[in-house]
Amino acid sequence: MKKQKNTISCKNFYTVLISLFFVNVTLAPIPSKGQSSPETSNTEEITEQNQTFAGEKLRVGITGEPPAVILPETLSNGKNRLTGISVEIWDELATTLNLDYELIYNDSVNQTLEKLANQQIDIAIGGITVTEKNIRRFDFTQPVHEDKISILVPLQSPTLWTIIQPFFGWAFLSSIILIGLCLFIVGNLLWLAEHRHNSEQFPKNYVKGVTEGVWCALTTFSTVGYGDRYPVTNFGRLIAGSWMLISLAAVTTLTAGIATTLALAFSAQPYQNLQSSSDLKGVRLVTISGSKAVQWGQYYQARIVEIDSLSEGINQLKSNQVDGVLYSRLALEYYLYKNPQAPYRVVDFDIGTQNYSIALNQDNPLTEKLNQQIVSIDIQLRFQEVKETWFKSQLNK
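### Notes on the overall build of the protein chain
Here is step 1: The number of helices and strands found in the protein chain is 15 helices and 13 strands.
Here is step 2: Looking at the protein chain as a whole, 40% of its 397 residues qualify as buried.
Here is step 3: Of the contacts made within the protein chain by residues no fewer than 6 positions apart, 70% connect residues no fewer than 24 positions apart.
Here is step 4: For the protein chain, the exposed surface amounts to about 22,900 Å²; the carbon and sulfur share of it is 57%.

Below is the structure:
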């Protein structure tokens, strides 16, 4: 009997062991779509990280000059789209990171960065350069493209006509006419007030008397005040005193057009003398506001005029308001490429470099992902490939 009980106990013991074995097998974790096995963990981790940025459509502000950014062209379906090297490079980055986005074009770099600061856009691309001012406000990715800074100048030095042409402009002529009219009116008032009681200085003869009155008004206006002609009557002194006060304001506003014209006419530079960056001191150069070119021009003591677009700079160069356009060599060469008859050339030397990057608001988690992708595809080489393709495609048009 005792032996039979031991046999039953052994059977129960084995039964428990077998039961525990099957329970452990049943409850063991089985890899599924939600759980990564060691072999696939890296790939799925990248996919999950990309999906974190794909939840909503990004507002991508874009600005720049051709060929980096080319204004919308009409497609066969009637819709417009932006094109250009920067657009194509960004599209590749966004596609790899599974980013849904819309492009929002802006006329200037400053306008784009202000929208980014005000969170009207999420990312800024195109002609965005890393400057000391900008880096305090935004995060920047690794450079998407590095370009040289050069100068577009006329093929020839200004002729005699281009030097004197500003004197026939409306700014100069209107200032001269307005000043002359004021002097004539004040001269008449002084003669009317003085010719009866002060005929020695303001003769009773109208022509002679008004001539002396205009002379007195001119010396007062110019603040010379020789004192050879001056009013003695109370009414005459009231007129002269009022004219003195008016002259203090008029000398600034009315002579502005004349001063501008004189500067344009007599400070024209012989463009052929620009052989190196050391020749830029005092040279009038126009460049895009907010770009690195502004700092380089100021460093070499050029007279910098800031504008919003390259086309505006070309117009100022045409009208002899500036001596050259300081900007990206790529943009300047592309302009000549598209306008082979333009009477301009790019100088043989460069004065510096500027890096174009993608700007985001500070602490944006997308900055790191973009940097990883930029480094992984060797973005500088890719930009060069796209640039060469673009130039060839434009040549075939």
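Further notes follow.
### Some words on the side chain of T63
Here is step 1: By the secondary structure assignment, T63 is in strand β1 (residues 58-63).
Here is step 2: A polar contact of 3.1 Å, which involves the side chain of T63, links it to the backbone oxygen of N106.

### Examining unusual backbone geometry
Here is step 1: Along the chain, P66 connects to P67 via a cis peptide bond; the corresponding omega equals 5 degrees.
Here is step 2: Following the sequence through the fold, P67 ends up in the loop between β1 and β2 (70-74).

### Thoughts on the packing of aromatic side chains
Here is step 1: A full pass over the atoms with the stated rule returns 7 aromatic pairs.
Here is step 2: With 5.8 Å between their ring centres and 25 degrees between their planes, F221 and W243 make a pair best called stacked. You can see F221 sitting in helix α8 (residues 206-221) and its partner W243 sitting in helix α9 (residues 234-253), a full 22 residues away along the chain. You'll find F221 and W243 in the same group, each marked buried.
Here is step 3: Taken together through their ring pairs, the aromatic side chains of W296, Y299 and Y300 make up a single cluster.

### Describing the sheet that holds β1
Here is step 1: Spatial ordering of the open sheet is given by β4-β1-β5-β13-β6, a layout of 5 strands whose pairing is mixed. Bordering the open sheet on either side are β4 (101-105) and β6 (138-140), each of which pairs with just one other strand. Strand-to-strand twist across the sheet, computed as the mean angle between neighbouring axes with direction ignored, equals 30 degrees.
Here is step 2: Sheet topology places strand β5 (residues 123-126) next to strand β13 (residues 359-361); 2 bridges connect them, and they run antiparallel. Looking across to β13, one finds that I123 is bridged to L360.
Here is step 3: In this fold helix α4 (residues 109-117) packs onto β1, β4, β5, β6 and β13, with an angle of close to 25 degrees to the strand it touches most, β13.
Here is step 4: Those strands touched by helix α14 (residues 366-376) are β1, β5, β6 and β13, and its axis lies near 155 degrees from that of β13.

### Things to note about a nonpolar patch on the surface
Here is step 1: Side chains of L178, L181, F184, I185, L189, L192, Y206 and V207 sit close together on the surface and give an oily, nonpolar patch of about 740 Å² of accessible area.
Here is step 2: Elements with a minimum of two residues in the nonpolar patch: α7 (170-194) and α8.
Here is step 3: Considering each element in turn, the nonpolar patch owes the most residues, 6 residues, to α7.
Here is step 4: One can find I185 in helix α7.
Here is step 5: For I185, a relative accessible area of 43% corresponds to the partly exposed category.

### Focus on α4
Here is step 1: Among the residues of α4, V109, T112, L113 and L116 are the ones counted as buried. End-on, the buried residues of α4 take up no more than an arc of 95 degrees, which puts them together on one face.
Here is step 2: On its buried face, α4 sits against β1, β5, α5 (132-135), β6 and β13.
Here is step 3: In this structure S108 caps α4, since a side-chain oxygen of it lies 3.1 Å from the backbone nitrogen of Q111.
Here is step 4: In the segment just after α4, Q119 is the residue with positive phi, at about 60 degrees.

### Some thoughts on the confidence of the model for the protein chain
Here is step 1: With 72% of its residues at a pLDDT of 70 or more, the protein chain shows a mean pLDDT of 79.
Here is step 2: Every residue in residues 20-52 scores below 50 in pLDDT, and together they form 8 contacts with partners more than four places removed in sequence or on other chains.

### Observations regarding the side chain of T141
Here is step 1: Summarising the element assignment, T141 is placed in the loop between β6 and β7 (145-154).
Here is step 2: Since its relative accessible area comes to 5%, T141 is described here as buried.
Here is step 3: The residues contacting T141, other than those within four sequence positions of it, are S357, I358, L360, T367, L370, N371 and I374.

### Quick word on the pairing of strand β8 (residues 284-288)
Here is step 1: In terms of burial, β8 is largely enclosed, as 5 of its 5 residues are buried.
Here is step 2: Bridge count for β8 against strand β9 (residues 303-307) is 5 bridges, and the pairing is parallel. Opposite T287, over in β9, you have E306 as the bridge partner.
Here is step 3: With helix α11 (residues 292-299) bridging β8 and the parallel β9, this β-α-β connection has right-handed handedness.
Here is step 4: In terms of strand pairing, β8 meets strand β10 (residues 324-328) through 2 bridges, oriented parallel. For L285, the partnering residue across the bridge sits in β10 and is G324.

### Description of the environment of T211
Here is step 1: As for its placement among the helices and strands, T211 is situated in helix α8.
Here is step 2: Considered as a pair, T211 and W191 are 20 residues apart in the sequence and their alpha carbons are 8.8 Å apart.

### Quick look at the pairing of β10
Here is step 1: Burial within β10 is extensive, with 5 of its 5 residues counted as buried.
Here is step 2: For β7 and β10, the ladder comprises 4 bridges, and the chain directions are antiparallel. Bridge pairing in β10 places I149 opposite S328.

### Quick look at the environment of F202
Here is step 1: Within the fold, F202 resides in the loop between α7 and α8.
Here is step 2: The buried category is assigned to F202, whose relative accessible area is 0%.
Here is step 3: Counting along the chain gives 29 residues from F202 to P231, while the straight-line C-alpha distance between them is 8.8 Å.
Here is step 4: Among residues more than four places away in sequence, those in contact with F202 are L190, W191, E194, H195, G209, E212, G213, C216, R229, Y230 and P231.

Rules behind the numbers
All residue numbers refer to positions counted from 1 along the written sequence of the respective chain. Given that the model is predicted, a residue must reach a pLDDT of at least 70 before its local features are reported, and side-chain atom pairs must reach 80 or more before they are shown or counted; all residues, however, enter totals for whole chains, interfaces and linings. To get the side-chain values, take all heavy atoms of the structure and skip hydrogens and water. Secondary structure elements follow DSSP: runs of H or I of four or more residues count as helices, runs of E of two or more count as strands, with numbering from the N terminus. Buried, partly exposed and exposed residues are distinguished by accessible area as a fraction of the type maximum, computed with a 1.4 Å probe on protein chains only: under 20%, between the cut-offs, and over 50%, respectively. For this analysis, residues touch if any pair of their heavy atoms sits within 4.5 Å. Method for areas: the Shrake-Rupley scheme with a 1.4 Å probe, in which residue coverage is limited to the protein chains shown. For this analysis, a polar contact is any N or O atom pair within 3.5 Å, provided that within protein one partner can donate a hydrogen and the other can accept it, and provided that sequence-adjacent residues contribute only side-chain to side-chain pairs. We call Phe, Tyr and Trp rings a pair once their centres come within 6.5 Å, taking the six-membered ring for Trp, and we label the pair stacked below 30 degrees between planes, edge-to-face above 60, and tilted otherwise. The pairing criterion for strands is at least two bridges between them, as found by DSSP. To obtain an axis, a line is fitted to C-alpha atoms, over the contacting stretch when the element is a helix, and the angle between two such axes runs from 0 to 180 degrees between their N-to-C directions. For patch building, the residue pool is restricted to those with more than 30% relative accessible area and no salt bridge; the joining distance is 9 Å between like charges and 5 Å between nonpolar side chains (Val, Leu, Ile, Met, Phe, Trp, Tyr). Any Lys or Arg side-chain nitrogen located within 4 Å of an Asp or Glu carboxyl oxygen qualifies as a salt bridge. Throughout, the arc means the angular range of directions from the helix axis out to the C-beta atoms. Across the chain, each position has a pLDDT score giving the predictor's confidence in that residue, from 0 to 100. A crossover gets the label right-handed when its path from the first strand over the helix to the second runs clockwise, viewed with the strands pointing away from the viewer.

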